[in-house]
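# Reading the structure
As a plain string of letters, each chain reads:
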Amino acid sequence: MRTAVILAARKEKGSAVPFPLKRFSIGGGRETCLFERILETLDENHYERIYVVTGYRKELFAEYASGRVILIENKDYEFTSSMGSLAVVESYVEDDFLLIESDTFFEKKLIERMSQVTDGNCFSVTEESGNGDEAFVQLRHGHVGYVSKDRHQIANVDGEMIGVTRIASETFARMCREYGRATNPWVNYEYLLLACTDVIDRPALMFSNIIWGEVDNEEEFRRLENYIYPRLRRKENPYDRENLYDHLRAIFPNETVDGRWKVDQIGGMSNKNFKVVSPQGDEYILRVPGIGSDGMVERSNEDVNGLLGSRLGLNPDVRYFNSATGVKLADFIHDAETLNSGTIQRMPNMRKIAGIFRTLHSAKVRMANEFNVFHEVVRYERLLEQCHGTVCEGYAEVRARVMGLERYLNELGVELAPCHNDLVAENFIKDGTGRIYLIDWEYSGMNDPMADFAALFLENNFSEENRDYMLNLYFDGSIPANTRMRIHVYQILWDFLWTLWTWIKEAQGDDFGTYGMDRYRRAIALLDQMENEKI
């Protein structure tokens, strides 16, 4: 397959420039846009014919036209939807092709894998993202049984469509004939694709733990620029392979570590995680700390606390841990699904996470350290000064308000128990049996259990209903007084602390876009809310 069709005709709401063409910085004084990234990825995969359907601001696409990139106008773009745009290429396309929605971004490996499909139709599917505009998918034995943007119409949500689909030429011909008879010009291509095929003709490729998304408005564009693309860039530029082999040689001194060992990056925000497969077929996860970790993480504490987590059945077994470097080797979790802000709030997953919290917080063990957020703020400030980082204007006033919460928190009541303290969705891994593990114990320590709930709710944007559901599960329906206010205070503290964490990382060369300032502003907003409610 060497033909691709890019849909880029849609009229944008609130933007004079189509979002696929809006430029953003990629570091080093360079810029790009989603459309250029798509063309670059298609070029890397040797696509010979690329048809681009334009409409809104068609003149802005003219500079990309070439013998390989053909621009085709949908003159009725204001009165049609995605199938109306796709239909205009009918007389141009003779072969199977890859259909790409231009407002979609994704890891380059998606195009690589989709291009390896040699025949028929194929959907690209991933876990539901919770972005609010999902095309939900119900699968049937690895094939797409149903697609809808209304979750009320689907009994089992198995994932959602990514805007990249392989369409066979015969199927496309049927879709165009059906569209020619349609009375609704606003129908989307995915619904006609379903209408013109049987389930057996709709295989799906599942992309787990992939970085992807859509840009339909300014907020999503800002999120792409400041959050998603920096993550994408870090993931697509993994550590040098020979350095990874050196780590493995230290871990396996009696083995010959060479190109026969397979090493593939599988994600990580501040650390880099790699799947390692030995020549004998043994599978592991190698964790290599990222930029700016020195001083922020006490590796000896992580070593002790992670082992405690393993003994409690919460953390996968750790095979190797270097307290000096933070390099870690753990057992690989088969058929693993990394939870996200959407899947973590599914009721079965919330029930299991409530159980994890109860096991951890009630454990009659003492971790190697106490994680006191107020003390950590002071320590992080010292680290920020050492690396010549700076704080923003007005920081001292906000800091005084935050540090003043310590007395109020003590009045509300503080408990001390083993805590994880870093409850981003990506630290919850579900295996093929449905068991959920809690990984990455870098910031663990003795803390107030309500700090764990605060982190869980804050990092994953829990709805109010799901917050109540989790607390009722944890407390068997009898939630103690002051619980929600304690959680509110810890949310302020987490946002403030991770703001400092980001500034330290960036002072040492990392790039997190507006992540730090966004958390700082949210801490202030939560402070204002709490103080108003107290009044």
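Up top you'll find the structure we're talking about.
Keep in mind the model is a prediction, meaning the values are calculated, not measured. Residue indices follow the written sequence of each chain, beginning from 1 at its first position. Owing to the predicted nature of the model, reporting of local features is limited to residues with pLDDT of at least 70; listing and counting of side-chain atom pairs is limited to 80 or more, with chain, interface and lining totals taken over all residues. Only hydrogens and water are set aside when side-chain values are computed; all heavy atoms of the structure are taken into account.

Let's shift gears to the sheet that holds strand E22 (residues 436–438). Read across the sheet, three strands follow the order E19-E21-E22 without closing on themselves; strand pairing throughout is antiparallel. Looking at strand neighbours, the two that pair on one side only are strand E19 (337–338) and E22, the edges of this open sheet. At least two bridges found by DSSP between two strands is the condition for calling them paired. Only DSSP runs of H or I reaching four residues or more are called helices, and only runs of E reaching two or more are called strands; each is numbered from the N terminus. The pairing of strand E21 (residues 428–430) with E22 spans three bridges and is antiparallel. Bridge pairing in E22 places Lys430 opposite Ile436. Residues are treated as being in contact if the distance between any of their heavy atoms lies within 4.5 Å. Fitted lines through C-alpha atoms serve as axes, helices being fitted only where they are in contact, and the angles separating the N-to-C directions of these axes extend from 0 to 180 degrees. Each of E21 and E22 touches helix H9 (residues 347–361); the most contacted strand, E22, lies at about 45° to it.

Position of Asn305 relative to the elements: it lies in helix H8 (residues 299–311). Note on exposure labels: buried denotes an accessible area under 20% of the residue type's maximum, exposed denotes more than 50%, and partly exposed covers the range between, all computed with a 1.4 Å probe on protein chains only. Look at Asn305 and you get buried, because its relative accessible area is 0%. Aside from chain neighbours lying at most four places away, what touches Asn305 is Met367, Ala368, Asn369, Trp441, Ser444 and Gly445.

Buried residues of nine kinds, namely Ala, Val, Leu, Ile, Met, Phe, Trp, Tyr and Cys, make up a nonpolar core once their side-chain atoms join them within 4.5 Å. Among the nonpolar cores identified, the biggest contains 70 residues, and Tyr380, Phe428, Phe453, Leu456, Met470, Leu493 and Trp494 are the most heavily contacted of them. Ranked by the residues each element gives to this core, the list is headed by helix H15 (residues 483–507), at 14 residues. Beyond its immediate stretch of four places on either side in the chain, Trp494 contacts Phe371, Val373, Asn421, Asn447, Ala451, Ala454, Ala455, Leu458 and Arg519. With 33 residues, the next largest nonpolar core counts Phe97, Phe123, Val187 and Tyr189 among its residues.

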